[in-house]
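Listed below, chain by chain, are the residues.
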Amino acid sequence: MTSFDYDLFVIGGGSGGVRSGRLAAGMGKKVAIAEEFRYGGTCVIRGCVPKKLYVYASQFAEHFEDAAGFGWTVGEHHFDWSKLVAAKEREITRLEGLYRKGLENAGAEILQTRAELVGPNSIKLVNTGKTVTAERILIATGGHPTPHSALPGHDLCISSNEAFDLPEFPKSILIAGGGYIAVEFANIFHGLGVETTLIYRGKEILSRFDQDMRRGLHAAMEQKGIRILCGDVLQSIKQADDGRRVVETLNHGGLTVDQVMLALGRVPNTKGLGLETAGVNTNDKGAIVVDAFSRTSAPGIYALGDVTDRIQLTPVAIHEAMCFIETEYKHNPVSPDHDLIATAVFSQPEIGTVGMSEEQAGRAFAELEVYRAEFRPIKATLSGRTEKTIMKLIVNAADRKVVGAHILGHEAGEMAQLIGITLKAGCTKDDFDRTMAVHPTAAEELVTMYTPSYRVKDGQKVA
Ligand SMILES: Cc1cc2nc3c(=O)[nH]c(=O)nc-3n(C[C@H](O)[C@H](O)[C@H](O)COP(=O)(O)OP(=O)(O)OC[C@H]3O[C@@H](n4cnc5c(N)ncnc54)[C@H](O)[C@@H]3O)c2cc1C
């Protein structure tokens, strides 16, 4: 019988890797996990968690303004970037410690090193040069922001990685990209008082989201004072004598800002990983190709999370990890379910969404009922804000199943989590109609839109 150093060797200590390593070690398997940077990975160190903390930080300016409408007088206030960065650092260090502790308690061997494949069952620990062997290898190395090397002056730009820890707080920033990371950071920096411009080559921000959400958020962001340049791209970035960035755009001429942030997509971390040596295939984007059970082209080597470029979200990486453990160690083959994933954009206002956009559903079904409400949230009546909440249910007219739910407004992410259950359960519009409202909430609108706002037949809107 062949013997290996480990039953399972995990490369990457992020969301997917840590969950896999912890569960396998907890089952008594001999597990090692290698991380080259910080345990917790993108989500904990430079993604979801610090991002959400910064979203909260950026909302206080509006809270202070809104307070007046409710009788409060707020005294002098001042924002200190270095205090926020330090507080964030303390929190992510605490979480990093919890991730390590979880692995340790389960009995996994924690390695602080880059790891690379050097053969079908062999891994090199880069720090020491030592080679170890494992019966199974799991690659969960995540991804990194695309540097957009073809752009002249790209090296003068920051990515989301650096944005969290800028040594100097900028007075102005230009963010390139139209995805959720670009949009969230535009709202964060604007809320913290930075003059913010978003530049995106597409016609409208957040492609693949429902049109109403895209247009509604665009309008709300512009109303707050964020400049959005759609249908435009960066041509070049140069450094001025005073250290600022001089940017040329294709359609809006030049502008000078303190920082330029590129949020133009993410690249899987597969370079230099030794995949060819081990016989692991990648696609044209460099992502590892896997089957329905996260198995790569090389026997005994698995991959999950962002490195496989299926759906780049933390809960998805964790779910794929749990399916991997069920399949490989519990003799219960389970393939990850990527259908109807509820998700949020932590913009201001937020977007919460699950299922098909109106456009997608219009292509998938012959006839739709669309229920749409647009209203001023109750808090805005006294605060005086003009912001609107938009809610939308997309219903397949044939069987009355709700196939899409989209919310633009405060706490939309929280609502999306719950409404996600109803879509997953296959609820119909009649189930929504017989659900009692919770009053007074914004979410009650989701169960009180009784008549369709309009119908869509063969992809065309009809009265
Ligand atoms: C700014 C930002 C905001 C985000 N916000 C959200 C959000 O709100 N909600 C959400 O669900 N998702 C969000 N995400 C996405 C989420 O962070 C990822 O989907 C998730 O972290 C993927 O987990 P993973 O395990 O695949 O990879 P990661 O968490 O990226 O972990 C991979 C780890 O592998 C390590 N590594 C790489 N190569 C090696 C090697 N050769 N040897 C050793 N270690 C290696 C890396 O250092 C990293 O720690 C966000 C991402 C970003 C960038």
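Overview of the structure. (Residues numbered from 1 in each chain as written. Predicted model: local features only at pLDDT ≥ 70, side-chain atom pairs only at ≥ 80, totals over all residues. Heavy atoms only, no water.)

## Structural notes on the overall build of the protein chain
- Counting secondary structure elements, the protein chain contains 13 helices and 23 strands.
- For the protein chain, the C-alpha radius of gyration of 24 Å lies close to 23 Å, the compact-globule estimate for 463 residues.
- Dimensions of the protein chain, computed from the C-alpha atoms along their principal axes, are close to 70 × 65 × 45 Å.
- Put simply, of all contacts in the protein chain between residues at least 6 apart along the chain, 61% involve residues at least 24 apart.
- Taken as a whole, the protein chain presents about 21,700 Å² of accessible surface, with 52% of it coming from carbon and sulfur.
- Looking at charge distribution, the protein chain has the averaged site of its 50 positive side-chain charges lying 1 Å from that of its 57 negative ones. (Helix = DSSP H or I, 4+ residues; strand = E, 2+ residues; numbered from the N terminus. Rg over C-alpha atoms; globule rule 2.2 N^0.38 Å. Contact = heavy atoms within 4.5 Å. Areas by Shrake-Rupley, 256 points an atom, 1.4 Å probe, with all protein chains shown as cover. Lys, Arg positive; Asp, Glu negative; His and termini not counted. Charge placed at Lys NZ, Arg CZ, Asp CG, Glu CD.)

## What about helix 9 (residues 314-329)?
- The terminal C-alpha atoms of helix 9 lie 22 Å apart, and with 16 residues this matches the ideal 22 Å at 1.5 Å per residue to within 8%.
- Counting buried positions over the 16 residues of helix 9 gives 12, a clear majority of the element.
- Listed in full, the buried residues belonging to helix 9 are Thr314, Val316, Ala317, Ile318, Glu320, Ala321, Cys323, Phe324, Ile325, Thr327, Glu328 and Tyr329.
- Buried residues in helix 9 make contact with strand 1 (6-11), helix 1 (15-26), helix 2 (41-46), helix 3 (48-67), strand 6 (130-139) and strand 16 (301-303).
- Phi turns positive one or two residues past the end of helix 9, at histidine 331, with a value near 50°. (Expected span 1.5 Å × (residues − 1). Buried < 20%, exposed > 50% of the residue type's maximum accessible area, 1.4 Å probe, protein only.)

## Considering the packing of helix 1 against helix 9
- The geometry of helix 1 relative to helix 9 is characterised by a closest axis approach of 8 Å and an angle of 30° between their N-to-C directions. The angle between helix 1 and helix 9 places the two elements in the roughly parallel class. Judged by the sense of rotation from one axis to the other, the crossing of helix 1 with helix 9 is right-handed. Contacts between helix 1 and helix 9 pair Ser15, Gly16, Arg19, Ser20, Leu23 and Ala24 from the former with Thr314, Ala317, Ile318, Ala321, Met322, Phe324, Ile325 and Tyr329 from the latter.
- Of the residues assigned to the contact of helix 1 with helix 9, the class counts are nine nonpolar, four polar and one charged. (Axes fitted to C-alpha atoms, helices over the stretch in contact; angles between N-to-C directions. Parallel < 35°, antiparallel > 145°, perpendicular 65-115°, else oblique. Left-handed = near helix turned anticlockwise from the far one by under 90°. Nonpolar A, V, L, I, M, F, W, Y, C, P; charged D, E, K, R; others polar.)

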